[in-house]
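Chain and residue survey
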Amino acid sequence: QGGASAALALSGTAFSTGGNWSRVREGIPEMKMRRMPSWLERLTSMVKTRGTNLARRVRAIVSTGTSLMRKTMAAAVKYATNYVVVYVPSHAIRRAWYKRALGWDIGDGVSILMGTYIQMTGIRTSGRRVSIGDCTVINQRCLIYTSGGLIIGSNVSISAEVALITGSHDINDPEFTSDYRPIVIDDYAWIGTRAVILQGVTIGRGAVVMAGAVVTKDVEPFTVVGGVPAKTVTQRTLQEYSYHLMTPPLFE
């Protein structure tokens, strides 16, 4: 330090430790914080903007691809259900598919005969469930619309070509909005051939819906209804039941 002071003194420059050295130290940070060239700033900004846009596009492509994959899988399951599985001459295979692929709750001894068409908006629709009790029979070529939820009790006889419709549309809505509500069919009910049961209807225990009827309102237990729209025709006098419907027939 003495040498440095002497050199400065010989050159005629006054030196003070508290003065000149402090100014030197203050100048060092200014050199480090010197602004980058404008061309480099523009390049950095361009790279950042393009990187952000690229990341946004990649996320959009991934999201679209995932959505498309889900729709494709759902469509494939629906196709397999209605054009492949439904014609397999094995109750065990069809029940396994309805349980595992579609998530249905199916009791023992249930018969879902070949040709039944399952209308669904999704494979497992947002908490809406399908439940079928023991020894219930769904005959050939029925239309089962499950999107609104479907609860069928035990020993229910659903004849051929019956339509259970849990979905509809608001005809006064400019968007033609969909409306889904469950159908409930209690134990020992009997639904006649080509009857139609609409969304939100409950069929009481032991009730009978005559062939070709269109049911738009709840049916009380042990009540027989018929016509379009369905109205009460008579009462089912026997109200204590012990029968079990048929075991699954072979190759149907």
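Now for a description of the structure that goes with this document. (Residues numbered from 1 in each chain as written. Predicted model: local features only at pLDDT ≥ 70, side-chain atom pairs only at ≥ 80, totals over all residues. Heavy atoms only, no water.)

Some thoughts on a nonpolar patch on the surface
A surface patch of nonpolar side chains, about 400 Å² in accessible area, is lined by W39, L43, M46 and V47. Mapped onto the elements, M46 comes out in helix 3 (residues 38-83). (Patch = residues over 30% accessible without salt bridge, like charges linked within 9 Å, V, L, I, M, F, W, Y side chains within 5 Å. Areas by Shrake-Rupley, 256 points an atom, 1.4 Å probe, with all protein chains shown as cover. Salt bridge = Lys/Arg side-chain N within 4 Å of Asp/Glu carboxyl O. Helix = DSSP H or I, 4+ residues; strand = E, 2+ residues; numbered from the N terminus.)

Considering the sheet that holds strand 7 (residues 150-152)
Pairing between sheet strands relies on hydrogen bonds along the backbone, with the strands arranged either parallel or antiparallel. Spatially, five strands are ordered 1-4-7-12-15 in an open sheet, and the strand pairing comes out parallel. Two strands close off the open sheet at either side, each with one partner strand: strand 1 (105-106) and strand 15 (202-203). Pairing of strand 12 (residues 183-185) with strand 15, which is carried by two bridges, proceeds in the parallel orientation. Bridge pairing in strand 15 places I185 opposite I203. (Pairing = 2+ DSSP bridges.)

Thoughts on the nonpolar core
Residues W104, I152, I158, L164, I185, I197 and I203 are the most contacted members of the largest nonpolar core, which totals 35 residues. Other than its neighbours up to four places away in sequence, I158 contacts V137, I138, N139, C142, I152, L164, I185 and I191. (Core = buried A, V, L, I, M, F, W, Y, C linked by side-chain atoms within 4.5 Å. Buried < 20%, exposed > 50% of the residue type's maximum accessible area, 1.4 Å probe, protein only. Contact = heavy atoms within 4.5 Å.)

Structural notes on the sheet that holds strand 3 (residues 117-119)
Within the open sheet, the five strands sit side by side as 3-6-9-14-17. Their pairing is parallel. Only two strands of the sheet have a single partner each, and these edge strands are strand 3 and strand 17 (214-215). As judged from the two bridges shared by strand 9 (residues 163-164) and strand 14 (residues 196-197), these two strands associate in the parallel manner. Looking across to strand 14, one finds that L164 is bridged to I197.

Some remarks on the packing of aromatic side chains
This structure, assessed with the given rule, holds eight aromatic pairs. Judged by centre distance (4.9 Å) and plane angle (80°), the rings of Y188 and Y243 are edge-to-face. Of this pair, Y188 sits in the loop between strand 12 and strand 13 (190-191) while Y243 is found in the segment after strand 19 (231-235), placing the two residues 55 residues apart along the sequence. For Y243, a relative accessible area of 31% gives the class partly exposed. Grouped by ring-pair contacts, the aromatic residues Y188, F222, Y241 and Y243 constitute a single cluster. (Phe/Tyr/Trp six-rings, centres within 6.5 Å; stacked < 30°, edge-to-face > 60°.)

Comments concerning the pattern of salt bridges
Within this structure, the stated rule accounts for four salt bridges. Between R181 and D179 there is a salt bridge, and its shortest N-O distance comes to 3.5 Å. Of the charged contacts in the structure, one is a salt bridge between D187 and R205, with a shortest N-O distance of 3.6 Å. On the criterion of sequence distance, the pair formed by D187 in the loop between strand 12 and strand 13 and R205 in the loop between strand 15 and strand 16 (208-209) is long-range, its members being 18 residues apart. Look at the salt bridges and you will find they share partners, linking R141, E161 and R194 into a network.

Observations concerning helix 3
Helix length check: helix 3, at 46 residues, gives a terminal C-alpha distance of 66 Å against a target of 68 Å (1.5 Å per residue), a fit within 8%. By the burial criterion, the buried members of helix 3 are V77, A80, T81 and N82. Turning to helix 3, the residues buried within the fold contact helix 4 (91-100) and strand 3. (Expected span 1.5 Å × (residues − 1).)

Notes on the environment of K78
On the secondary structure map, K78 appears in helix 3. Taking the C-alpha atoms as reference, K78 lies 8.1 Å from Q119; in sequence the two are 41 residues apart. Discounting chain neighbours no more than four positions away, the residues touching K78 are Y117, I118, Q119 and M120.

Some thoughts on the pairing of strand 19
Counting buried positions along strand 19 yields zero of five residues, so the element is predominantly exposed. Pairing between strand 18 (residues 223-226) and strand 19: four bridges, direction antiparallel. Bridge pairing in strand 19 places V225 opposite T232. The antiparallel hairpin formed by strand 18 and strand 19 contains four residues in its connecting segment, where G227 sits at a positive phi of about 100°.

Focus: unusual backbone geometry
With omega at -10°, the peptide bond leading from V228 into P229 counts as cis. Structurally, P229 is set in the loop between strand 18 and strand 19. Within the chain, R141 stands out as a residue other than glycine whose phi angle is a positive 55°. Position of R141 among the secondary structure elements: in the loop between strand 5 (137-138) and strand 6 (143-145). One non-glycine residue, R194, lies in positive phi territory at about 60°. Within the element layout of this structure, R194 appears in the loop between strand 13 and strand 14.

Worth remembering: the numbers are spatial, not functional.
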